[in-house]
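Below are the chains, spelled out letter by letter.
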Amino acid sequence: MRQVTERPESSSEPRAAESAAGAQKPPAAEPADGRVMGPGTAPAVEGVKAPAAAPDSKPVFAVERLTVSYAGRPAVREVSFGIEERRITALIGASGCGKSTFIRTLNRMNDLIPSASVEGSVRYHGQDLYAPDVDPVQVRKRIGMVFQKPNPFPKSIYDNVAFGPRVLGMKGEMDEMVERALRRGALWDEVKDRLKQNAFGMSGGQQQRLCIARALATDPDVILMDEPASALDPISTGRIEDLMFELKDRVSIVIVTHNMQQAARVSDMTAFFTVVVDDTGHRHGEVVEYDETEKVFTNPADERTEAYVTGRVG
Amino acid sequence: MEAASIAAAGGPRPNLTRGRTPRSVGENIIKALLFLAALISIATTIGIVVSLLAETVEFFSQVGIFEYLLGTKWSPLAGGDQKSFGVLPLISGTLYLTALGLVVAVPLGLGSAIYLAEYASPRARRIIKPVLELLAGIPTIVLGYFALTFITPVLLQGIFGIEVKIFNALSAGLALGVLILPVVATLADDSLRAVPSSLREGAFGLGASKPQVVLRVVFPAALSGIVAGLVLAASRAIGETVVVLVAGGANANLGIDPRESFQNMAAFIAQTARGDIAAQSVEFLTIFAVGTTLFVMTLILNAISIRFVRRFQQVYE
């Protein structure tokens, strides 16, 4: 807010700012400390029918025998698959099958729940996210998250977007960073004249795009979306889906969705989760099938997947 | 089954009319009692204001309003030429003692609220919160004598070696701080906890560290509630009588030396009211004039706080 009034000249050259942004290199794919693992860390296929990744894409996440428990009771069990770089991966399945729990392990959001515990491994560009020396704050700098309900901060639109760069101490012109993020979030034209207004005055769809722009401002490598459009009308949903297509050449996107059409429309890969009841009557989630979206929806390998995607179950 | 089909076919109509049943009579009695309760509290408020104003008007018929509001010497009980009705020393003393109390209570109260709401384990919280609330239950007279017999001689004169008078503002201010600390802490704690966890998650999701989440997102989001708590605490300190009467002394002081004796408005009223003065004398009427002043000050403070809260309040769905 303050920066806008101090340097009005920077917003008078939006085109220049954008082309500068476009010329920038996408965020580094490797972890900063250079601990890049070899191809030996490719996604494991143990236990689940996960296909080999397409030859032209690298895994950004390799999840191996991941079990997440709340207070000792597993919520999702033995998940193993790889999430590919620069693609949109959809996680589908009925409520309570652990999709949200799973996606929150990818940027260590579950750390915020004291009773949550994680077994197995999640490798991010080869690096174990749950190694003892890994700082969850550093993880979340690279792996942004957008939540089910838009959660803008009670601040101005400008301050919402500037929050990430400020807390991370990013160098550079704040006005430019904010404008670039808002343009990438397809929101700039709608809000450029009211950057100082409170974000709560925006519509729900705009708020959600603001949350996406806010996540983009820190130049993340991955964006996790937990049902980002479930509270939005079809037009706002369409805008968010368009936005995901535009973003995918630079960031990897993982999206949880209850909307089958949405998963079929936007995603390249789809993982189907289901609820399994074990011998003691306890329910937990498991991954049934993980494959190219087209295959999951047209020719699924597992009959449970077929029942779900054709709407016979769930 | 058979009865239902008869009714549906247009048999005997069910009786739906309103009748005088024992239940409806009971409801009316309860309604009347509740209305009476509301009426009595309103009538009491009006009664207090009217009696306060009547005596205040009488006071200002004997003492000029500007002499009262702008005078810098307050000695209404003195004899002859020494009599003076400048209320400024009492107002300044009241604000000064309140400020001292806030200096103690704001950092301690906000600090403990942030700890309780954001950092404390459920177990620590279960222990600390009730203790804090217990502090609020200590009678102010106990706190006053605690200031007079411990804070002044042991803490200030003994440990810190400050040359304070027996009755002094510093001791009274510290005790006022302890008095309003639970108000600041519990209300700030409540407001911090009312901030939706989705905001915390959003900030964590952007790579913010815990202190950044707390200070840059949660605290500002809770600000309206925190300020409302501070104003309530300040009103409490402004109107506090016993602590100041016991530990602060009886000197209407316009200065700012905390080692000196100070008096606030409420303590003046208490001291004068139990003294030997004739009803309807000008000394007697000062009680009401000071009471009205105190009332107006608290009213203004509350009005400011309501405006502030409305302006900064965020409505979360």
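As the structure is a computational prediction, the values presented were derived from the model and not from experiment.

Participant: Just to check I follow, could you spell out the environment of A252 of chain B for this structure?
Facilitator: All names here are of chain B. Locating A252 in the fold gives a position in the loop between α11 (242–248) and α12 (265–273). Sequence separation of A252 and S75 is 177 residues, and the distance between their C-alpha atoms is 7.8 Å. Those residues in contact with A252 that lie beyond four places of it in its chain are W74, P89, L90 and Q263.

Participant: Help me understand the interface of chain A and chain B in this model?
Facilitator: The figure often quoted for interface size is the accessible area lost as the parts come together. Chain A puts 25 residues into the contact, and the matching count from chain B is 20 residues. Summing both sides of the interface, chain A and chain B together bury roughly 1800 Å²; the carbon and sulfur share of this comes to 64%. The three residues of chain A that bury the most area against chain B are P154, F163 and V167 of chain A, which together make up 26% of that side's buried surface. If you look at where chain A meets chain B, you find one salt bridge. Close ionic contact of R104 of chain A with E201 of chain B constitutes a salt bridge, the shortest N to O distance being 2.9 Å. Linking chain A with chain B are four residue pairs in polar contact (both at pLDDT 80 or more).

Participant: Help me understand the pattern of salt bridges, please; the structure alone is not making it clear to me.
Facilitator: Side chains bearing opposite charge may pair, as long as their charged atoms lie close to each other. Per the stated rule, a full pass over the model turns up 20 salt bridges over all chains. As a salt-bridge pair, E78 of chain A and R65 of chain A come within 3.0 Å of each other at their nearest N and O atoms. Residue E78 of chain A is found in strand β2 (residues 73–84), and its partner R65 of chain A is found in strand β1 (residues 59–70); the two are separated by 13 residues along the sequence. Within this structure, R125, K129, D189 and D190 of chain B form a network of salt bridges that share partners.

Participant: Please clarify how the packing of aromatic side chains should be interpreted in this entry.
Facilitator: Geometrically, a pair of aromatic rings is defined through the distance of the ring centres and the angle of the planes. Under the defined criterion, the tally for this structure stands at 15 aromatic pairs over all chains. When the ring of F272 of chain A is compared with that of Y308 of chain A, the centres are 5.0 Å apart and the planes differ by 35 degrees; the resulting orientation is tilted. Here Y308 of chain A lies in helix α12 (residues 303–309) and F272 of chain A lies in strand β9 (residues 269–277), a separation of 36 residues in the sequence. Judged by its relative accessible area of 2%, F272 of chain A is buried. Aromatic rings pair up to connect F59, F60, Y68, W74, F85 and F268 of chain B into one cluster. Across the ring face of F153 of chain A, the terminal group of R214 of chain A is positioned such that the distance to the ring centre comes to 4.2 Å. When the ring centre of Y119 of chain B is taken as origin, the NZ or CZ atom of K210 of chain B, which lies over that ring, is 5.2 Å away.

Cut-offs applied
Residues numbered from 1 in each chain as written. Chains lettered and ligands numbered in written order. Predicted model: local features only at pLDDT ≥ 70, side-chain atom pairs only at ≥ 80, totals over all residues. Heavy atoms only, no water. Helix = DSSP H or I, 4+ residues; strand = E, 2+ residues; numbered from the N terminus. Contact = heavy atoms within 4.5 Å. Buried area = accessible area lost by both parts, 1.4 Å probe. Salt bridge = Lys/Arg side-chain N within 4 Å of Asp/Glu carboxyl O. Polar contact = N/O pair within 3.5 Å; in protein donor to acceptor, adjacent residues only side chain to side chain. Phe/Tyr/Trp six-rings, centres within 6.5 Å; stacked < 30°, edge-to-face > 60°. Buried < 20%, exposed > 50% of the residue type's maximum accessible area, 1.4 Å probe, protein only. Lys NZ or Arg CZ within 6 Å of the ring centre and 35° of its normal.

Treat this as a map of the structure, not an account of what it does.
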